[in-house]
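Single-letter residue listing:
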Amino acid sequence: MSPLARLLAARLASGVLTLLIVSLLVFLATEMLPGDVAQAVLGQSATPDAVAALRAAMHLDQPGWLRYLLWLRGLLTLDLGRSLVNGLPVASLIGSRLPNSLLLAGLTALVAVPVALLLGITAAVWRGTAYDRVVGVLTVSAVSVPEFLVATLAVLVFAVRLHWLPAMFYGLDLRSPGHMLLVFAMPVATLSFVVVAQIARMTRAALTNVLDSSYIEMAVLKGVRPLRLVLRHALPNALGPIVNAVALSVSFLLGGVIIVETIFNYPGLAKLMVDGVSTRDMPLVQACAMIFCAAYLLLVLLADLLAILANPRLRHP
C-alpha cells in the first residue's frame, strides 16, 4: 500500500472511531436528561400501567448498554425509529427538513466563499496598506461577534426598524428569485458574517506566506505582471491551506445554523432538533444530533484529504 493510501486509510479509520465515540456521547447525553420520557409522552394523567407499557415498548426497562446497542444497530441499518410525539418515522421527518438546511448552507457558501476569497486575496496583495488594516479589523471584529447577536440586530434593524425584510420565515417559492432573496437575506447574511471573516483571514495568511517566498521575488525581478504573479504563481501554491480553511469554515455553519434556524423560524433540520428537545422526542433528537456530528466529521475529513492532496510533503511523510 502506498504512503498516500495508508494516510487516507488512517484518516478514515480515525473518522469512523470518532463517530462511534460521538454516538456513545449523544446517547448518554440524551439519557441523562431529567424526567421520564414515557411519562412526558403520555402526560401527567396517564395511569402507571400505561406508563409501564410504554416504557416496555420503548425498551426503557432494558439496561442502558443494551438500549445503546439496539439504537446503534438501528443507526447502522438506517432504522431511526419513530417519533414519540406524532408516531411518524424519524427518517421521513428528517427527509422533509434536510433539503431546507442544505439549501440554506449552500446559499451561504455560494455567497460567503467568493466574498471571503476576494477580501483575503486583495488584502494579501495590498498588505500593509490602509485597505489591509481595515479588512483585518473588520474580520477580527466579525469573528468575535456571536451569531445570535448578529441575527437579533438584523431583525431589529431590517425587520422592526426599517421594515425591509420579514422577521420570520413564511414559506419558500423556488420559482421566484425575488421571494427567495427576500426570505433568505437575513439568514444567509447572518451565517456569512463569521464565515467570511474566517476564510478571509486564512486566505490572507496563506497567500502572504507564499508572496514572501524567494521564487516570487525572482518572478518579480523577471518582470512578471502583478495579476499573473498572483493568479499563476502564488495562488496555486497557497491553494492547500485555503481549501482547508474553506472546508473547516463550512463545517462551522453546522453550529451557526442551529441558532439561525431557531431565531428566524426556518424549517430546517436544526429547528426540528430544537423542537424535539422541547418535546423530549429522544429518537428524533438522537438522529438529528448524529447527522450533525457525521456532517461535521465528514467536512473535517474532507479538509484533511484536500490538505494531503495539495501538499506533497504530506503525501510522502
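Rules used throughout
- Residues numbered from 1 in each chain as written.
- Predicted model: local features only at pLDDT ≥ 70, side-chain atom pairs only at ≥ 80, totals over all residues.
- Heavy atoms only, no water.
- Helix = DSSP H or I, 4+ residues; strand = E, 2+ residues; numbered from the N terminus.
- Buried < 20%, exposed > 50% of the residue type's maximum accessible area, 1.4 Å probe, protein only.
- Contact = heavy atoms within 4.5 Å.
- Areas by Shrake-Rupley, 256 points an atom, 1.4 Å probe, with all protein chains shown as cover.
- Patch = residues over 30% accessible without salt bridge, like charges linked within 9 Å, V, L, I, M, F, W, Y side chains within 5 Å.
- Salt bridge = Lys/Arg side-chain N within 4 Å of Asp/Glu carboxyl O.
- 1 Å grid on protein atoms, 1.4 Å probe; cavity = no way out; pocket = protein on both sides within 12 Å on 5 of 7 lines; lining within 4 Å.
- Points joined across faces, edges and corners; volume = space filled by probe spheres on them.

**Student:** I'm lost on the overall build of the protein in this one. Help?
**Tutor:** Assigned secondary structure in the protein consists of 14 helices and 0 strands. In the protein, the order of α-helices and β-strands from amino to carboxyl end is α-α-α-α-α-α-α-α-α-α-α-α-α-α. In the protein, which comprises 317 residues, the proportion classed as buried is 36%. Taking as baseline every contact in the protein between residues at least 6 positions apart, the subset at least 24 positions apart corresponds to 68%. Carbon and sulfur atoms make up 71% of the accessible area of the protein, which amounts to about 17,600 Å² in all.

**Student:** Before we go on, may I ask you to explain a nonpolar patch on the surface in this structure?
**Tutor:** Taken together, the side chains of Phe 148, Leu 149, Leu 153, Leu 156, Val 157, Phe 158, Val 160, Leu 162 and Trp 164 make up a nonpolar region of the molecular surface, amounting to roughly 830 Å² of accessible area. Take Leu 149: its relative accessible area is 37%, and that puts it in the partly exposed class.

**Student:** Teacher, can you tell me more about the layout of surface pockets here?
**Tutor:** To find leftover empty space, one rolls a probe the size of a water molecule over the atoms. A volume near 420 Å³ is recorded for the second largest pocket. Around the second largest pocket, the lining is made up of 13 residues, and of these Leu 19, Leu 75, Leu 76, Met 290 and Ala 294 lie nearest the centre. If you list the elements that add at least two residues to the lining of the second largest pocket, you get α1 (3-31), α4 (64-76) and α13 (282-310).

**Student:** I tried to follow the pattern of salt bridges on my own but got confused; where do I start?
**Tutor:** Any two side chains of opposite charge can pair, so long as their charged atoms come close to each other. Evaluation of the coordinates by the stated rule reveals 3 salt bridges. Where Asp 212 meets Arg 127, a salt bridge forms, and the shortest distance between an N and an O atom there is 2.9 Å. Pair noted here: Asp 212 is in the loop between α8 (177-211) and α9 (214-221) and Arg 127 is in the loop between α5 (90-125) and α6 (130-144), with a separation of 85 residues, a long-range link. Residue Asp 132 pairs with Arg 204 through a salt bridge whose shortest N-O separation is 2.8 Å. One end of the pair, Asp 132, is in helix α6; the other, Arg 204, is in helix α8, with 72 residues separating them in the sequence. You can call Asp 132 buried: its relative accessible area is 8%.

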